[in-house]
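If you want the building blocks of each chain, they are given just below.
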Amino acid sequence: FQRIHASLFPLTRSLPELLHHLPQIVSLLFQTEEEEEKDLLVLPDVLHLIGILARETRQELHPFVHTTLFPNIFQILFKQQQQPTLQVHIVEASFRAISNILRYDSILLQEEEEKANQTTLRQYYGPTLGSSSSLIRRLAGQTFSL
């Protein structure tokens with residue numbers, strides 16, 4: 001986690017700096033997530049930081065939702081689903097991050113859904129609502145009911 005802090009701190013000292021460096025910050029968070037994927041203790045913290053980033057940047061994060069954020073977060077979920085034992089803290093942190101993204105970017109996501117005949121988010125909620133894990137199904141239902 002110290003490596004994450006060291007790489008992000010110079011970019012996030014103020015909200016204007018955060019917005020200016022947003023593409024680099026998103027990239028760093030997911031580089032870190034790939035490196036730390038083996039360390040299951042750090043992954044929930046990275047997911048928590050993504051949720052905070054969604055809260056602080058709101059609609060400014062929208063360009064990264066379908067290109068970077070959702071594909072990577074759902075990849076984490078699908079990897080967890082394939083494991084013999086489900087890491088509950090990672091699954092919960094993933095859904096918290098998704099929930100924050102949906103909550104703070106809801107206006108642009110809703111407009112996007114109306115233009116695309118409500119098929120954009122289906123690729124994400126379909127597999128989670130149909131999961132074999134009852135925990136993932138329950139958390140998906142709560143998250144996507146926003």
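Data block above holds the structure.
Predicted, not measured: the structure shown is a model, and the values here were computed from it.

## Considering the packing of aromatic side chains
Part 1 of the argument: The tally for this structure, following the rule as stated, stands at six aromatic pairs.
Part 2 of the argument: Pairing F70 with F74 gives two aromatic rings, centres 5.7 Å apart and planes at 85 degrees, and the pair type is edge-to-face. Separated by four residues within a single helix, F70 and F74 lie in helix α5 (residues 65-82), roughly one turn from each other.
Part 3 of the argument: The structure contains a cluster of three or more aromatic residues connected by ring pairs, namely F70, F74, F78, Y124, Y125 and F144.

## What to know about the side chain of T128
Part 1 of the argument: Position of T128 relative to the elements: it lies in helix α8 (residues 122-129).
Part 2 of the argument: Assessed through its relative accessible area of 1%, T128 is described here as buried.
Part 3 of the argument: Engagement of the side chain of T128 in a polar contact is seen with the backbone oxygen of Y124, the distance being 3.3 Å.
Part 4 of the argument: Setting aside anything within four residues of it in sequence, one finds T128 in contact with F74, L77, F78, F95, I136, R137, A140 and F144.

Cut-off values and rules
- Residues numbered from 1 in each chain as written.
- Predicted model: local features only at pLDDT ≥ 70, side-chain atom pairs only at ≥ 80, totals over all residues.
- Heavy atoms only, no water.
- Phe/Tyr/Trp six-rings, centres within 6.5 Å; stacked < 30°, edge-to-face > 60°.
- Helix = DSSP H or I, 4+ residues; strand = E, 2+ residues; numbered from the N terminus.
- Buried < 20%, exposed > 50% of the residue type's maximum accessible area, 1.4 Å probe, protein only.
- Polar contact = N/O pair within 3.5 Å; in protein donor to acceptor, adjacent residues only side chain to side chain.
- Contact = heavy atoms within 4.5 Å.

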